[in-house]
Amino acid sequence: KLNKGTSDIAINWAGGLHHAKKSEASGFCYANDIVLAILELLKHHRRVLYIDIDIHHGDGVEEAFYTTDRVLTVSFHKFGEYFPGTGDVKDVGANAGKYYSVNFPLKDGIDDASYASIFKPVIGQIMQMYQPGA
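Now for a look at the structure at hand. Being a predicted model, the structure only gives us computed values, none of them experimental.

A tally of helices and strands in the chain yields three helices and three strands. Relative to its length of 134 residues, the chain is compact, with a C-alpha radius of gyration of 14 Å against a globular reference of 14 Å. Within the chain, the proportion of its 134 residues that are buried is 31%. Here the contacts in the chain between residues at least 6 apart in sequence split such that 62% fall between residues at least 24 apart. Split by element, the accessible area of the chain, about 8,500 Å² in all, is 57% carbon and sulfur. Distance between charge centroids for the chain: 8 Å, based on 13 positive and 16 negative side chains.

Attention shifts here to a nonpolar patch on the surface. The grouping of I9, I11 and W13 at the surface amounts to a nonpolar patch, some 430 Å² of accessible area in total. Structurally, the position occupied by I9 is in the segment before α1 (33-41).

Backbone hydrogen bonds hold the strands of a sheet together, and the pairing may be parallel or antiparallel. Strands sit in the order β1-β2-β3 across an open sheet of three strands; the sheet is parallel. For this open sheet the edge positions go to β1 (48-52) and β3 (101-106), each flanked by a neighbour on one side alone. Ignoring which end each strand starts from, the neighbouring axes of this sheet average 5 degrees apart. Here β1 runs beside strand β2 (residues 71-78); their pairing, made up of five bridges, is parallel. The residue of β2 that forms the bridge with D52 is S75. Taken strand by strand, helix α3 (residues 112-130) contacts β1, β2 and β3, and its axis lies near 170 degrees from that of β2.

Another point: the pattern of salt bridges. Tallied over the entire structure, the rule returns three salt bridges. For D59, the salt bridge is made with K21, and the minimal N-O distance between the two is 2.9 Å. Of this pair, D59 sits in helix α2 (residues 59-64) while K21 is found in the segment before α1, placing the two residues 38 residues apart along the sequence. Here D59 matches K21 in class, with each residue buried. Between K43 and E40 there is a salt bridge, with its nearest N and O atoms 2.7 Å apart. Relative accessible area serves as the criterion here: at 59%, K43 is assigned to the exposed category.

Before going further, it helps to examine α1. All of the buried residues along α1 are I34, V35, I38 and L41. Buried residues in α1, looked at end-on, bunch into an arc of 115 degrees, giving them a common side. Where α1 begins, the capping side chain belongs to N32, and its oxygen is found 3.2 Å from the backbone nitrogen of I34.

Rules and cut-offs
Residues numbered from 1 in each chain as written. Predicted model: local features only at pLDDT ≥ 70, side-chain atom pairs only at ≥ 80, totals over all residues. Heavy atoms only, no water. Helix = DSSP H or I, 4+ residues; strand = E, 2+ residues; numbered from the N terminus. Rg over C-alpha atoms; globule rule 2.2 N^0.38 Å. Buried < 20%, exposed > 50% of the residue type's maximum accessible area, 1.4 Å probe, protein only. Contact = heavy atoms within 4.5 Å. Areas by Shrake-Rupley, 256 points an atom, 1.4 Å probe, with all protein chains shown as cover. Lys, Arg positive; Asp, Glu negative; His and termini not counted. Charge placed at Lys NZ, Arg CZ, Asp CG, Glu CD. Patch = residues over 30% accessible without salt bridge, like charges linked within 9 Å, V, L, I, M, F, W, Y side chains within 5 Å. Salt bridge = Lys/Arg side-chain N within 4 Å of Asp/Glu carboxyl O. Pairing = 2+ DSSP bridges. Axes fitted to C-alpha atoms, helices over the stretch in contact; angles between N-to-C directions. Arc of directions from axis to C-beta. Polar contact = N/O pair within 3.5 Å; in protein donor to acceptor, adjacent residues only side chain to side chain.

Given below as structure tokens:
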């Protein structure tokens, strides 16, 4: 629906298999459905924005697009001694993808109001600067 212009947004309410990597399963994820969906979107859109709000860092998606500027990955996640242990604020992408990976590591105890006060301005700025097609 996104590629045909009949929808503006896609949400996977079941989560997503965002830990699977190109050559290994991880975190109960054996195939990365999100990466496959983004690859389809890239056939029709110059830029794709991926926002991950799962408690775990979306390491498989970030890794898949770490060196390209065509996909900007944003992950708000619990950080520290917590699976998968990735997603440091210093992880920003590489080569053409440098600064196209945004990690917002969070600690335990954040409430809804605090989360919204972080999420809204961060995503607002990203949308304004990146201007994704999908």
